[in-house]
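Structure at a glance
Next come the chains, spelled out residue by residue.
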Amino acid sequence: MKKTTLLFILLLILSGGFLPAQETLPRIYLQAPVVHSRDKQLQTISYSVYDTTHLILDMLGRYDIMPPAGDVTGDYSAFCDAYNIDTFIGGECSMAADGPGIELGMFVFDRKEGQVVQKLTGRAESVLDVFDEVDAMVLKLMEEFSGRHIAFGEILLENTGSPGIFDVWIDGKRYLPQENIIPKVINGEHLVQIVQIRLDGSYTVATETVEVMENETRVVSFAIPGILPSEEKSISELETFISENWEKRRRWY
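Residues numbered from 1 in each chain as written. Predicted model: local features only at pLDDT ≥ 70, side-chain atom pairs only at ≥ 80, totals over all residues. Heavy atoms only, no water.

Here's the deal with the overall build of the chain
Summing up its helical and strand segments, the chain has five helices and 12 strands in all. Going through the 253 residues of the chain one by one, you find that 34% of them count as buried. Counted over contacts in the chain with a minimum sequence separation of 6, partners at least 24 positions apart contribute 60%. (Helix = DSSP H or I, 4+ residues; strand = E, 2+ residues; numbered from the N terminus. Buried < 20%, exposed > 50% of the residue type's maximum accessible area, 1.4 Å probe, protein only. Contact = heavy atoms within 4.5 Å.)

See below:
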């Protein structure tokens, strides 16, 4: 084989020419339902819709969710073209015009189709049941959008070792436990990791694949170590250094 051919192959390898292309996930722009007033109650409901929808999309792991860029209204096609967005998910939240109650609406705009392909509306007669309506609407919309059944379970974290602060990572994303419980974990298989920042840096305490079932609690047990061998060695070396230099310090004075 000629040197020029070898050089060409080497350049291809270094440039990624022989490597499989990375999968490009569909890009989604998720917008909290627009509230056409300064009503704080409506704003709270709108944020709840956004948070629940974002949680589901994130846990599905099938989509690339774009960061928010302010309220977008009107020409969704132009917005998607300008920012290379595949799907726009939004909605509206308002007080009912014909009496007490709160009206909710959500839609899915598909850039390829050039139109809204899914649309749901709902109404809550009181603030007491509005969040149940939010969850029901979001779940229904996401099931139709993703083509799979969506429900929630929870993960209970059980530390059988030494007390300590730790982070919880699910499918490569960090989650904050609430009294050692991760609520609203989407049903299905998940990779759970318990990670600590220790003396020598990041340390993975446990890694476990768990199957979360609808309306059930999955227990993840792990044991935080009191001290790691590497930490014991580092502490011993530090103590030796301090002891040796402490004697020198006394001579300096």
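Notes on unusual backbone geometry
We note that E179 has phi near 55°; this positive angle belongs to a residue other than glycine. The residue E179 is located in the loop between β8 (173-175) and β9 (181-186) in this model. Residue class for E179 comes out exposed when judged on its relative accessible area of 78%. Although it is not a glycine, N215 sits at a positive phi angle of roughly 60°. By the element assignment, N215 lies in the loop between β11 (201-212) and β12 (217-222).

Observations concerning the pairing of strand β3 (residues 87-95)
Here strand β1 (residues 27-30) runs beside β3; their pairing, made up of three bridges, is parallel. Each bridged residue has a counterpart across the sheet, and for Y29 the counterpart in β3 is F88. Here nine bridges tie β3 to strand β4 (residues 102-110), and the two strands are oriented antiparallel to one another. Looking at β4, one finds that T87 is bridged to D110. Joining the antiparallel neighbours β3 and β4 is a turn of six residues, in which G99 adopts a positive phi near 140°. (Pairing = 2+ DSSP bridges.)

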